[in-house]
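# Structural overview for review
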Amino acid sequence: MSFSVAVIGAGTIGRSFAWLFARSGYSVQVFDPRGDLAEVVAGLQADVSADAAAHNMLASELGSISLAESVEAAVADASFVQESGPEDPQAKPKLFAQIAAAAPLDAVFATSSSTIPASLIAHHLPAEAAARVIVGHPFNPPHLMPLVEVVPAPATGPDTVERALEFYRSCGREPVALNREVRGFVGNRLQNALMKEAISLVANGVISAPDLDAVMKNSLGLRWSAVGQFEAMHLGGGDAGIRGFMHHIGASFAKIGDLPLDLSDAGMAEVYSQVEEAYGETPSRAGAEARDRIQRSVLEVRGQGGAHSEECSAAVQADQGSGQTVAW
Ligand SMILES: NC(=O)c1ccc[n+]([C@@H]2O[C@H](COP(=O)([O-])OP(=O)(O)OC[C@H]3O[C@@H](n4cnc5c(N)ncnc54)[C@H](O)[C@@H]3O)[C@@H](O)[C@H]2O)c1
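The structure presented is a predicted model; accordingly, all values stated were derived computationally and were not measured.

When you go through the protein chain residue by residue, the secondary structure sums to 14 helices and 8 strands. For 328 residues, the compact-globule formula gives about 20 Å, and the C-alpha radius of gyration of the protein chain, at 21 Å, lands near that figure. Taken along its principal axes, the extent of the C-alpha atoms in the protein chain is 60 × 45 × 40 Å. Residues classed as buried in the protein chain amount to 41% of the 328 residues present. Restricting to contacts in the protein chain with at least 6 residues of sequence separation, those with at least 24 account for 72%. For the protein chain, the accessible area works out to roughly 16900 Å², and carbon and sulfur atoms hold 58% of it.

Should the charged atoms of two oppositely charged side chains come close, the side chains can pair. Following the criterion strictly, the structure yields 6 salt bridges and no others. A salt bridge links Lys92 to Glu83; the nearest nitrogen and oxygen atoms lie 2.9 Å apart. Residue class for Lys92 comes out buried when judged on its relative accessible area of 2%. Taking relative accessible area as the criterion, Glu83 reaches 0% and is therefore assigned buried. Through salt bridges with shared partners, one network takes in Glu83, Glu87 and Lys92.

Glancing now at the pairing of strand S5 (residues 108-111). Look at any regular strand and the pattern is simple: side chains alternate between the two faces of the sheet. The alternating pattern of S5 places Val108 and Ala110 on one face and Phe109 and Thr111 on the opposite face, and all of these are buried. Looking at chain direction, strand S4 (residues 80-83) and S5 are connected through 4 bridges and run parallel. From the neighbouring strand, Gln82 faces S5, where its bridge partner is Ala110. Taken together, S4, helix H4 (residues 91-102) and S5 constitute a β-α-β crossover, and its handedness is right-handed.

Mapped onto this numbering, the UniProt entry gives "domain: 3-hydroxyacyl-CoA dehydrogenase C-terminal" (unreviewed entry) at residues 184-252. The distance separating the terminal C-alpha atoms of residues 184-252 is 29 Å; by composition the span is 77% helix and 0% strand.

With that settled, consider the packing of helix H1 (residues 12-23) against helix H2 (residues 37-54). One can describe the packing of H1 onto H2 by two numbers: an axis separation of 10 Å at closest approach and a directional angle of 40°. When the axis of H1 is compared with that of H2, the two are oblique. Handedness of the crossing formed by H1 with H2: right-handed. Each of Arg15, Ala18, Trp19, Ala22 and Arg23 in H1 lies in contact with H2, whose residues at this interface are Val40, Leu44, Asp47, Val48, Asp51 and Ala52. Per-class residue counts for the contact of H1 with H2 are 7 nonpolar, no polar and 4 charged.

Attention shifts here to the packing of aromatic side chains. Evaluation of the coordinates by the stated rule reveals 10 aromatic pairs. For the ring pair Tyr26 and Phe167, a centre distance of 5.1 Å and an interplane angle of 45° mean the geometry is tilted. Of this pair, Tyr26 sits in the loop between H1 and strand S2 (27-31) while Phe167 is found in helix H7 (residues 158-170), placing the two residues 141 residues apart along the sequence. Accessibility classification places Tyr26 together with Phe167 in one group, the buried group. Between Phe167 and Tyr168, the ring centres sit 5.6 Å apart and the planes meet at 55°, which makes this aromatic pair tilted. Accessibility assignment for this pair places Phe167 and Tyr168 in one class, buried. One aromatic cluster is present, formed by Phe3, Phe17, Phe21, Tyr26, Phe80, Phe167 and Tyr168 through successive ring pairs.

Core analysis: the biggest nonpolar cluster contains 30 residues, and Phe21, Val28, Val30, Ile65, Val150, Phe167 and Tyr168 have the highest contact counts within it. When contributions to this core are tallied by element, the ones reaching two or more residues are strand S1 (4-8), H1, S2, H2, S5, strand S7 (147-152) and H7.

Another point: the environment of Leu20. As for its position among the elements, Leu20 is in helix H1. The spatial distance from the C-alpha of Leu20 to the C-alpha of Val182 is 27 Å, given a sequence separation of 162 residues.

Let us look at unusual backbone geometry. Note: most residues except glycine have negative phi, and most peptide bonds are trans. Residue Pro141 follows Asn140 across a cis peptide bond; omega there is -5°. Within the secondary structure layout, Pro141 lies in the loop between strand S6 (133-138) and S7. Here the phi dihedral of Asn56 falls at roughly 50°; this positive angle occurs in a residue that is not glycine. Here Asn56 is to be found in the loop between H2 and strand S3 (64-67). Unlike most non-glycine residues, Phe185 shows phi in positive territory, near 55°. Mapped onto the elements of the fold, Phe185 is located in the loop between strand S8 (174-177) and helix H8 (187-203).

Mapped onto this numbering, the UniProt entry gives "domain: 3-hydroxyacyl-CoA dehydrogenase NAD binding" (unreviewed entry) at residues 4-179. End C-alpha to end C-alpha, residues 4-179 measures 28 Å, and it is 39% helix and 22% strand.

Rules and cut-offs
Residues numbered from 1 in each chain as written. Predicted model: local features only at pLDDT ≥ 70, side-chain atom pairs only at ≥ 80, totals over all residues. Heavy atoms only, no water. Helix = DSSP H or I, 4+ residues; strand = E, 2+ residues; numbered from the N terminus. Rg over C-alpha atoms; globule rule 2.2 N^0.38 Å. Buried < 20%, exposed > 50% of the residue type's maximum accessible area, 1.4 Å probe, protein only. Contact = heavy atoms within 4.5 Å. Areas by Shrake-Rupley, 256 points an atom, 1.4 Å probe, with all protein chains shown as cover. Salt bridge = Lys/Arg side-chain N within 4 Å of Asp/Glu carboxyl O. Pairing = 2+ DSSP bridges. Right-handed = clockwise from strand over helix to strand, strands pointing away. UniProt positions renumbered as here; feature names shortened; annotations may be inferred. Axes fitted to C-alpha atoms, helices over the stretch in contact; angles between N-to-C directions. Parallel < 35°, antiparallel > 145°, perpendicular 65-115°, else oblique. Left-handed = near helix turned anticlockwise from the far one by under 90°. Nonpolar A, V, L, I, M, F, W, Y, C, P; charged D, E, K, R; others polar. Phe/Tyr/Trp six-rings, centres within 6.5 Å; stacked < 30°, edge-to-face > 60°. Core = buried A, V, L, I, M, F, W, Y, C linked by side-chain atoms within 4.5 Å.

Following this line, the structure appears as structure tokens:
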């Protein structure tokens, strides 16, 4: 029997994952209660086939995407389940109880959740099923972004971590396992720290919103597409590496204090108005396309291009940058 994958939830993330998994050769069953699921699945399957034909893939290398009538039908034969339903701490544990009751006894149950830990999702499950629950948190869109944060709960079995890492690698991703649960995981904690600083700089009148974006794109963003935080410090500290960096710059960086920060709508009013004036009130599709095109080019240069970073379907991208979803 071929390795089968279930995708539960076909919104922004679920559609992108379904495309990626099928493009990686898996047989994918998709369930979502949305009324247009048949249309969504047909669009995804057509896009996978067209993309494979454009890359001269053999039929045997190609997976498939099928519609499932229920959660139970989707997971019945699944070796790996990627749940991408709504970010609702009440709904996810119920959904996982349904998944665990109907899936094979050795299936791995991953959630795309950005904030809900596996321990909360699995807390009502029998220990044997809880050991197979894990967070597999992507960055949007997962068919393009290599990172998947694999976050085990204390009850998650070590082999579940290994199997999740292996599965995502088989789809061309670069998963990273966290040692333990922490709110926001790692990527969003880093993003959160930067987001708060950016907002306070604009709200306190230090710089305009588009100029702050120019600072990011023309310095840190460029550097961070090549090296990570610690590698950058090590390379920037002379022969003494990170120690040299800290001895030269660390003390003055430590004196940089926080500016006032107010994340309420009232506190954000100036930031909102500057961003909407610079980029339009509704995020543009052209903006999302430019973002993806540049990111794909960076992946190519880094040698992480190939099939999984290709421009894909209208069906996958239907909600990207439309303003209908929150993308981070
Ligand atoms: N959007 C992002 O940038 C992003 C990034 C990383 C992780 N995530 C996480 O991915 C998950 C999905 O986010 P999204 O942005 O795709 O949301 P979304 O609102 O676009 O999609 C959610 C989908 O779940 C479906 N759904 C509702 N009830 C369901 C049920 N009982 N069973 C199956 N499907 C059901 C909805 O019909 C909808 O299509 C969330 O947990 C979110 O935290 C989102």
